Amino acid sequence: MSIFFSSVLAVTSISSFLVILILVIDLIINNYPNFDININNKKTIKVEGGKPLLFALKDKEIFIPSACGGRGSCGYCKVKVLNTSTPYLPTELPYLTDEEKKNNIRLSCQIKVKSNLNIEIPESLFSVHQYETKVLSLTDLTYDIKQVTLEIEKDQNIDFKSGQYIQFEVPPYKLTSETVYRAYSIASAPSDNKKIELEIRLVPNGICTTYVHQYLKVGDKVKINGPYGEFYLRPTDAEIIFIAGGSGMAPIKSILLDMKEKGINRKATYFFGAKTKKDLFLLDLMEDLMKAMPNFKFIPALSDLNADPDWQGERGLITDVVDKYILSGENKEAYLCGSPGMINACIGVLTKKGIPNEKIYYDKFA
Ligand SMILES: Cc1cc2nc3c(=O)[nH]c(=O)nc-3n(C[C@H](O)[C@H](O)[C@H](O)COP(=O)(O)OP(=O)(O)OC[C@H]3O[C@@H](n4cnc5c(N)ncnc54)[C@H](O)[C@@H]3O)c2cc1C
Ligand code: FES
């Protein structure tokens, strides 16, 4: 047994040594010049060679969606690269379908700029900008969710669709030696384009959420970029099912406020899953929205069957509650936000009810 462990240790040490050696050689020998990147056959920018494409573009204020901050774990940063000879990396493969590989789609955080490139990105990304903001207020919504209100500085305005998200820039501090980015859905209505609200849940030892919960102060400056995302209300007459848990409340709150302001009175039911009463928040706002929009119903449910004996509302897993209320999926569309586990389980219930996959929209907070 000890021979087995020694062999594993030896192989691991040799591989780690080789990886470090390759990186050092890449740094010393490959002193890359600057390269040209042609975007959509429309414009050409000069970028620093040797950098991941995602960051080379960002340096030139071209912002590609990236929920994991370039760690290769979200699959959001896809870009069509028409002329690279770099083979697909093992870190890219889990996020790319065969069709995408045929179409030269790459994860821009994984491939480095080592030659002139021709790339294609969605036109909408040209309207993504960086914004300097100031923290206007920090409010505890629950013991682990903070509402952060940011004021857009200078003469900029942020135009977004309700449901979209921004990336929050965390400067180097105790938990990170470099600047990192994390995705947060905008919780406020798009009608106010000088201010945005975020709802940020603390992840123990998480880089961004620890920064927000323990270091960020009113008056601090914060850089954000955005807006991004395809999670927004489709303009149909279908009945709406919203499902969220925890900070998944944020984009749905934005959509609901927007619906109220625009007088959209489609039939809509919002199922919100929480463990106990102390995980519920914005109940007064939901009451107000139900009064203002007669076709809107908010149904919170507690999953801890024994907690809060005074609770009069629904109990059980949110999937069971959705299963109980939704009898058929006919003429319905669904908007889901929260943990990947919760979303996957809810998609299972909704498709069984007959809602087609293409009418189920979601943002997984991973
Ligand atoms: C499109 C999109 C929108 C999002 N909107 C919101 C939002 O409105 N509010 C919000 O609070 N979050 C949101 N998130 C999640 C957010 O982007 C971060 O992933 C999360 O806040 C953790 O960041 P961190 O830097 O603190 O943790 P990290 O330093 O990235 O992670 C630390 C550790 O915790 C684990 N971890 C990461 N996230 C979670 C999690 N959610 N639960 C449990 N463990 C985790 C990681 O695997 C890692 O091991 C969104 C994500 C996406 C993709
Ligand atoms: S930024 Fe997340 S995979 Fe590239």
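The present account deals with the structure reproduced in this document.

### Overview of the site of ligand 1
Piece 1. Around ligand 1, the surrounding shell holds 22 residues, and the nearest of these are R182, A183, Y184, C208 and T209.
Piece 2. R201 places a polar main-chain atom, nitrogen or oxygen, 2.9 Å from an oxygen atom of ligand 1.
Piece 3. In the model, an oxygen atom of ligand 1 is placed 3.0 Å from a nitrogen or oxygen of the S247 side chain.
Piece 4. Surface burial for ligand 1 is 75%, taken as the share of its 930 Å² of free accessible area covered by protein chains.

### So, helix α8 (residues 340–352)
Piece 1. An ideal rise of 1.5 Å per residue puts 18 Å on 13 residues; α8 measures up with 18 Å between its terminal C-alpha atoms.
Piece 2. Regarding α8, the residues found buried are M342, I343, C346, I347, V349 and L350. Down the axis of α8, the smallest arc covering the buried residues is 165 degrees, so these residues share one side.
Piece 3. Of the surrounding elements, those touching the buried residues of α8 are β12 (239–245), α7 (318–325), β16 (332–338) and β17 (360–364).

### Quick word on the environment of Y211
Piece 1. Counting through the fold element by element, Y211 comes out in helix α4 (residues 207–215).
Piece 2. Sequence-wise, Y211 and T176 are 35 residues apart; in three dimensions their C-alpha atoms are separated by 9.9 Å.
Piece 3. Contact partners of Y211, with chain neighbours within four places excluded, come to F168, V170, P171, Y173 and L216.

### Section: the side chain of D363
Piece 1. Inspection of the secondary structure assignment puts D363 in strand β17.
Piece 2. Salt bridges are absent for the buried D363, whose nearest opposite-charge side chain, R234, sits at 9.1 Å.
Piece 3. Beyond its immediate sequence surroundings of up to four residues, D363 is in contact with Y76, G163, Y165, F231, L336, C337, G338 and I343.

### Let's talk about the packing of α7 against α8
Piece 1. It is at 9 Å that the axes of α7 and α8 come closest, and there the two elements cross at 20 degrees. Taken together, α7 and α8 sit at an angle that is classed as roughly parallel. Classified by chirality, the crossing of α8 by α7 is right-handed. Side by side, α7 and α8 meet where I318, T319, V322 and D323 of the first sit next to M342, A345, C346, V349 and L350 of the second.
Piece 2. Per-class residue counts for the contact of α7 with α8 are seven nonpolar, one polar and one charged.

### A few points about empty space enclosed by the protein
Piece 1. One pass over the structure, following the stated rule, counts two cavities of 30 Å³ or more.
Piece 2. Counted as a void, the largest cavity has a volume near 70 Å³.
Piece 3. If you trace the largest cavity, you find it lined by L54, F55, K58, I62, F63, I64, S66, G69, Q167, Y181, N225 and Y228.
Piece 4. Those elements giving two or more residues to the lining of the largest cavity turn out to be α2 (53–59) and β11 (221–228).
Piece 5. Counting residues per element, the lining of the largest cavity draws most heavily on α2, at three residues.
Piece 6. Residues of the lining of the largest cavity, tallied by class, amount to seven nonpolar, four polar and one charged.
Piece 7. Its volume calculated, the second largest cavity comes out at about 40 Å³.
Piece 8. Residue lining of the second largest cavity: L54, S66, C68, G70, G72, S73, C74, G75, C77, L107 and C109, and that is the complete set.

### Focus: the sheet that holds strand β15 (residues 314–315)
Piece 1. One open sheet holds the six strands; their spatial order is β15-β14-β13-β12-β16-β17, and the pairing between them is parallel. Strand pairing shows two members of the sheet lacking a second neighbour, β15 and β17, which therefore form its edges.
Piece 2. Pairing geometry for β12 and strand β13 (residues 268–274), over six bridges, is parallel. Along β13, the bridge assignment pairs I243 with F271.
Piece 3. Contacts from α7 reach β12, β13, β14 (296–302) and β15, with the element oriented near 155 degrees to β13.
Piece 4. α8 rests against β12, β16 and β17 of the sheet, and its axis sits at about 165 degrees to β16.

### Looking at the layout of surface pockets
Piece 1. Taken as a whole, the largest pocket holds about 1100 Å³ of empty space.
Piece 2. At the level of elements, β9 (180–185), β10 (195–201), α4, β12, β13, α7, α8 and β17 are the ones that each hand at least two residues to the lining of the largest pocket.
Piece 3. Take the lining of the largest pocket: its biggest share by element is four residues, from β9.
Piece 4. Around the second largest pocket, the lining comprises 27 residues; the ones closest to its centre are P65, Y228, G229, E230 and F231.

Rules behind the numbers
- Residues numbered from 1 in each chain as written.
- Chains lettered and ligands numbered in written order.
- Predicted model: local features only at pLDDT ≥ 70, side-chain atom pairs only at ≥ 80, totals over all residues.
- Heavy atoms only, no water.
- Near = heavy atom within 4 Å.
- Polar contact = N/O pair within 3.5 Å; in protein donor to acceptor, adjacent residues only side chain to side chain.
- Areas by Shrake-Rupley, 256 points an atom, 1.4 Å probe, with all protein chains shown as cover.
- Helix = DSSP H or I, 4+ residues; strand = E, 2+ residues; numbered from the N terminus.
- Expected span 1.5 Å × (residues − 1).
- Buried < 20%, exposed > 50% of the residue type's maximum accessible area, 1.4 Å probe, protein only.
- Arc of directions from axis to C-beta.
- Contact = heavy atoms within 4.5 Å.
- Lys, Arg positive; Asp, Glu negative; His and termini not counted.
- Salt bridge = Lys/Arg side-chain N within 4 Å of Asp/Glu carboxyl O.
- Axes fitted to C-alpha atoms, helices over the stretch in contact; angles between N-to-C directions.
- Parallel < 35°, antiparallel > 145°, perpendicular 65-115°, else oblique.
- Left-handed = near helix turned anticlockwise from the far one by under 90°.
- Nonpolar A, V, L, I, M, F, W, Y, C, P; charged D, E, K, R; others polar.
- 1 Å grid on protein atoms, 1.4 Å probe; cavity = no way out; pocket = protein on both sides within 12 Å on 5 of 7 lines; lining within 4 Å.
- Points joined across faces, edges and corners; volume = space filled by probe spheres on them.
- Pairing = 2+ DSSP bridges.

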